[in-house]
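Structural overview for review
Each chain is listed here by its residues.
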Amino acid sequence: MESRDKKYGNTKSNKWILFGFIFTIGLVLVSFIAYLLYFESNKEPENMVNEQAISDNEIENGIHVRTGLKEGEGLMTVVTHCTACHSAQLIIQNRMNKERWNATIRWMQETQNLWPLGENQEVIVNYLVKNYPVYSKGRRENLQNIEWYELSE
Ligand code: HEC
């Protein structure tokens, strides 16, 4: 009797061990597949965008092909922060001095949801002033308009 009970008991716990084993493997497999699916679906578009961005950053004859901006120090900062909402043509058309660029940026931040630029703002404004200097004709107009903006700094 004793040995029979023991035998039954063993068979029962063996079954549970087997069940637990299969269950665990199943669980691991399912999580692994879920993990793979999650990463596939998350990674692919991101990679595509990155590849596209890299191949689109060609410079030909000193001009950034995708945006038409001139090559120069800070170019990629301008491309990153200033061509997301509108074409670079809007920037190129506007010749401003430092103060007016800063004011325009502040205006976009206050009214057009432009994000804070931090230290990049100086890089951007320097690039713009250096590569797209004010036309001599436009200079007087800029000075006349200067009171239009309230500069607190
Ligand atoms: C969050 C979106 C956004 C970003 C990013 C952005 N702008 Fe703008 N910007 C606008 C909008 C909206 C207008 C108004 C467009 C219009 O009037 O058709 C504008 C207008 C302008 C104008 C014309 C201003 C005028 O007086 O007519 C200039 C110049 C300009 N942006 C330069 C820049 C520069 C330089 C940067 C990078 C620092 C930049 N923008 C980044 C949204 C943005």
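Up top you'll find the structure we're talking about.
Residues numbered from 1 in each chain as written. Predicted model: local features only at pLDDT ≥ 70, side-chain atom pairs only at ≥ 80, totals over all residues. Heavy atoms only, no water.

**Thoughts on the overall build of the chain**
For the chain, the count of helices and strands is 6 helices and 2 strands. Put simply, the chain runs from its N terminus to its C terminus through helices and strands in the order α-β-β-α-α-α-α-α. Classification of the 153 residues of the chain by burial places 23% in the buried group. Long-range contacts, defined as pairs at least 24 residues apart, comprise 54% of the intrachain contacts of the chain with a sequence gap of at least 6. Roughly 12300 Å² of accessible area belongs to the chain as shown, and the carbon and sulfur atoms make up 57% of that amount. (Helix = DSSP H or I, 4+ residues; strand = E, 2+ residues; numbered from the N terminus. Buried < 20%, exposed > 50% of the residue type's maximum accessible area, 1.4 Å probe, protein only. Contact = heavy atoms within 4.5 Å. Areas by Shrake-Rupley, 256 points an atom, 1.4 Å probe, with all protein chains shown as cover.)

**Focus on the side chain of threonine 104**
Residue placement: threonine 104 occurs in helix H4 (residues 98–111). A distance of 2.7 Å separates a polar atom in the side chain of threonine 104 from the backbone oxygen of arginine 100. (Polar contact = N/O pair within 3.5 Å; in protein donor to acceptor, adjacent residues only side chain to side chain.)

**Some words on unusual backbone geometry**
Although it is not a glycine, asparagine 61 adopts a positive phi angle of roughly 50 degrees. Asparagine 61 sits in the exposed class, given a relative accessible area of 79%. In this structure, asparagine 113 is a non-glycine residue whose phi angle is positive, near 65 degrees. For asparagine 113, the position within the fold is in the loop between H4 and helix H5 (120–131).

**Some words on the packing of H4 against H5**
Packing of H4 against H5 brings their axes to within 10 Å, and their N-to-C directions diverge by 130 degrees. If you check the angle between H4 and H5, you find them oblique. Our pair here, H4 against H5, has a crossing hand that is right-handed. Facing H4, whose interface residues are Lys98, Trp101, Asn102, Ile105 and Gln109, H5 presents Gln121, Val125, Asn126, Leu128 and Val129. Class assignment for the residues of the contact of H4 with H5 results in 5 nonpolar, 4 polar and 1 charged. (Axes fitted to C-alpha atoms, helices over the stretch in contact; angles between N-to-C directions. Parallel < 35°, antiparallel > 145°, perpendicular 65-115°, else oblique. Left-handed = near helix turned anticlockwise from the far one by under 90°. Nonpolar A, V, L, I, M, F, W, Y, C, P; charged D, E, K, R; others polar.)

**Re H4**
Three or four residues apart is the spacing at which side chains of an α-helix point the same way, because the helix has 3.6 residues per turn. The end-to-end C-alpha distance of H4, which contains 14 residues, comes to 20 Å, matching closely the 20 Å that a straight helix rising 1.5 Å per residue would cover. Within the span of H4, buried status applies to Arg100, Trp101, Ala103, Thr104, Ile105 and Met108. With its phi angle positive at about 65 degrees, asparagine 113 sits one or two positions after the end of H4. (Expected span 1.5 Å × (residues − 1).)

**Description of the site of the ligand**
With respect to spatial proximity, 17 residues lie near the ligand, and among them Cys82, Cys85, His86, Met108 and Gln112 are the closest. Between histidine 86 and the ligand, the recorded distance is 2.7 Å, taken from a side-chain N or O atom to a nitrogen atom. Counting residues per element, the ones that place at least two in the shell around the ligand are helix H2 (75–82), helix H3 (88–93) and H4. With 3 residues, the top contributor of residues to the shell around the ligand is H4. Looking at side-chain class alone, the shell around the ligand contains 12 nonpolar, 5 polar and no charged residues. (Near = heavy atom within 4 Å.)

**With respect to the coordination of the iron atom of the ligand**
Ligation of the iron atom of the ligand by protein atoms is provided by His86 (NE2) and Met108 (SD), these donors lying 2.0 Å from the ion. Metal-centred angles of 86 to 180 degrees between the 6 donor atoms at the iron atom of the ligand mark the site as octahedral. Taken as a pair, histidine 86 in the loop between H2 and H3 and methionine 108 in helix H4 lie far apart in primary sequence, 22 residues in all. What makes histidine 86 partly exposed here is its relative accessible area of 25%. (Donors = N, O, S within 2.8 Å, 3.2 Å for Na, K, Ca; no water. Tetrahedral: all angles 85-135°; square planar, octahedral: opposite > 155°, others 65-115°.)

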